[in-house]
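Letter by letter, the chains look like this.
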Amino acid sequence: MTSGTDGKTSVGGAKTSPSIPVSTRHKRAGYDQEDSFQIEAASFFDLCLPVDSVWCHVPNGGKRAMTTARRLKAMGTKAGMPDNLIIYRGRAYWIELKARYGNLAESQTIAIPLIESAGSPVAIARTLEDIAAALSGWGIPLRAS
């Protein structure tokens, strides 16, 4: 797994041109839709994270009415925050999920380095295996795999 904040390096393979038909692209592991990946990741976190950890999804994506978007921004919603926050033994860890051919948004290329410079690691994952590898690399034991 590689994590790059430039949107050019990613888990699962090299970047491909969006103009190339899917059938001729290099096959990349992962999910076609980020929402379905998030649902599976939620189950994975619930089943596999240690009982002395907590996690939540940060639902910043999706289309919203302009009035709702303004209200959320006024309440402190920040663009570019990773999808999932895990807290384990007093430390925050972040995991950004990406669909098979998804790239980091510009706001994420700004937010992720800020989070890392504040002392919290961030991983970019395209598969459940990527999530497990990040957690293991951070020393977070899994109850199941």
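Every residue gets a number counted from 1 within its own chain, in the order that chain's sequence is written. Only residues with pLDDT of 70 or above have their local features reported here, since the model is predicted, and side-chain atom pairs are shown and tallied only from 80 upward, although totals for entire chains, interfaces and linings are computed over all residues. With hydrogens and water stripped out, all remaining heavy atoms of the structure feed into the side-chain values.

Trainee: I would appreciate a short explanation of the packing of helix α1 (residues 34-48) against helix α4 (residues 128-137) in the present structure.
Mentor: Pairs of packed helices are described in terms of their axes, by the angle between the two and the distance that separates them. Running from amino to carboxyl end, α1 crosses α4 at an angle of 40°, the nearest separation of the two axes being 10 Å. Considering the angle they form, α1 stands oblique to α4. Viewed along their axes, α1 and α4 form a crossing whose handedness is right-handed. Here Phe37, Glu40, Ala41, Phe44 and Phe45 of α1 lie close against α4, whose contacting residues are Leu128, Ile131, Ala132 and Leu135. Angles here are taken between N-to-C directions and fall from 0 to 180 degrees, while the axes themselves are lines fitted to C-alpha atoms, restricted in helices to the stretch in contact. Counting from the N terminus, the helices are DSSP H or I runs at least four residues long and the strands are E runs at least two residues long. When describing relative orientation, an angle under 35 degrees is termed roughly parallel and one over 145 degrees roughly antiparallel, while 65 to 115 degrees is termed roughly perpendicular and anything else oblique. Put simply, a crossing is left-handed when the front helix is turned counterclockwise from the back one by less than a right angle, and right-handed when it is turned clockwise. By the convention used here, residues are in contact when the closest approach between their heavy atoms is within 4.5 Å.

Trainee: So what exactly am I meant to see when it comes to the confidence of the model for the protein here?
Mentor: In low-pLDDT segments, the atomic positions of the prediction should not be examined closely. What pLDDT expresses is the predictor's confidence in each residue, scored from 0 to 100. The predicted model of the protein has a mean per-residue pLDDT of 84, with 81% of residues at 70 or higher. Considering only residues more than four positions removed or in separate chains, one finds that residues 1-25, a stretch of pLDDT under 50, has 47 contacts.

Trainee: Explain the layout of surface pockets here, please?
Mentor: Cavities and pockets are defined on a 1 Å grid built over the protein atoms alone: a cavity is a set of grid points where a 1.4 Å probe fits but cannot escape, while a pocket is an open set with protein on both sides within 12 Å along at least five of seven lines, and lining residues are those with an atom within 4 Å of any such point. Grid points are joined across faces, edges and corners, and a volume is the space filled by probe spheres set on the points. Of the volumes computed, that of the largest pocket is approximately 780 Å³. In terms of lining residues, the largest pocket is bounded by 28 residues, among which Pro59, Asn60, Gly61, Gly62 and Arg64 are the most central. Classes in brief: Ala, Val, Leu, Ile, Met, Phe, Trp, Tyr, Cys and Pro nonpolar; Asp, Glu, Lys and Arg charged; the others, Gly included, polar. Across the lining of the largest pocket, the residue classes tally to nine nonpolar, ten polar and nine charged.

Trainee: What is the right way to look at the environment of cysteine 56 in this model?
Mentor: Along the polypeptide, cysteine 56 turns up in strand β1 (residues 53-57). Residue classification places cysteine 56 among the partly exposed positions, given a relative accessible area of 35%. Residues cysteine 56 and isoleucine 86, 30 residues apart in the sequence, show an inter-C-alpha distance of 6.7 Å. With residues near it in sequence (within four places) discarded, cysteine 56 still touches Asp83, Asn84 and Leu85. Type-normalised accessible area, obtained with a 1.4 Å probe on protein chains alone, sets the label of each residue: buried when under 20%, exposed when over 50%, and partly exposed for intermediate values.

Trainee: Even after reading the chapter, I still don't get helix α2 (residues 66-74), so can you show me in this structure?
Mentor: One turn of an α-helix holds 3.6 residues; hence residues three or four places apart share an orientation. Among the nine residues of α2, zero are classified as buried, and the element is accordingly described as predominantly exposed. Within two residues after α2, glycine 76 carries a phi angle of roughly 115°, on the positive side.

Trainee: Before we go on, may I ask you to explain the pairing of strand β2 (residues 84-88) in this structure?
Mentor: The element β2 is largely enclosed, with a buried count of four among its five residues. Taken together, the five bridges between β1 and β2 define a ladder with antiparallel strand orientation. The partner of serine 53 across the bridge, within β2, is tyrosine 88. Pairing geometry for β2 and strand β3 (residues 91-97), over five bridges, is antiparallel. If you follow tyrosine 88 over to β3, its bridge partner there is arginine 91. Pairing between two strands requires that DSSP report at least two bridges joining them.

Trainee: In this structure, what is going on with the pattern of salt bridges? I would like to understand it.
Mentor: Two side chains with opposite charge may pair up if their charged atoms get near one another. We define a salt bridge as a side-chain nitrogen of Lys or Arg found within 4 Å of a carboxyl oxygen belonging to Asp or Glu. Going through the model one piece at a time under the given rule, you end up with three salt bridges. Across the pair arginine 100 and aspartate 32 runs a salt bridge, and its minimum N-O distance is 3.1 Å. Taken as a pair, arginine 100 in the loop between β3 and α3 (106-117) and aspartate 32 in the segment before α1 lie far apart in primary sequence, 68 residues in all. Residue arginine 89 is joined to aspartate 52 by a salt bridge in which the shortest nitrogen-to-oxygen separation is 3.6 Å. In this pair, arginine 89 sits in the loop between β2 and β3 while aspartate 52 sits in the loop between α1 and β1, placing the two residues 37 residues apart along the sequence. Since its relative accessible area comes to 65%, arginine 89 is described here as exposed. According to the relative accessible area criterion, aspartate 52 is partly exposed, its value standing at 44%.

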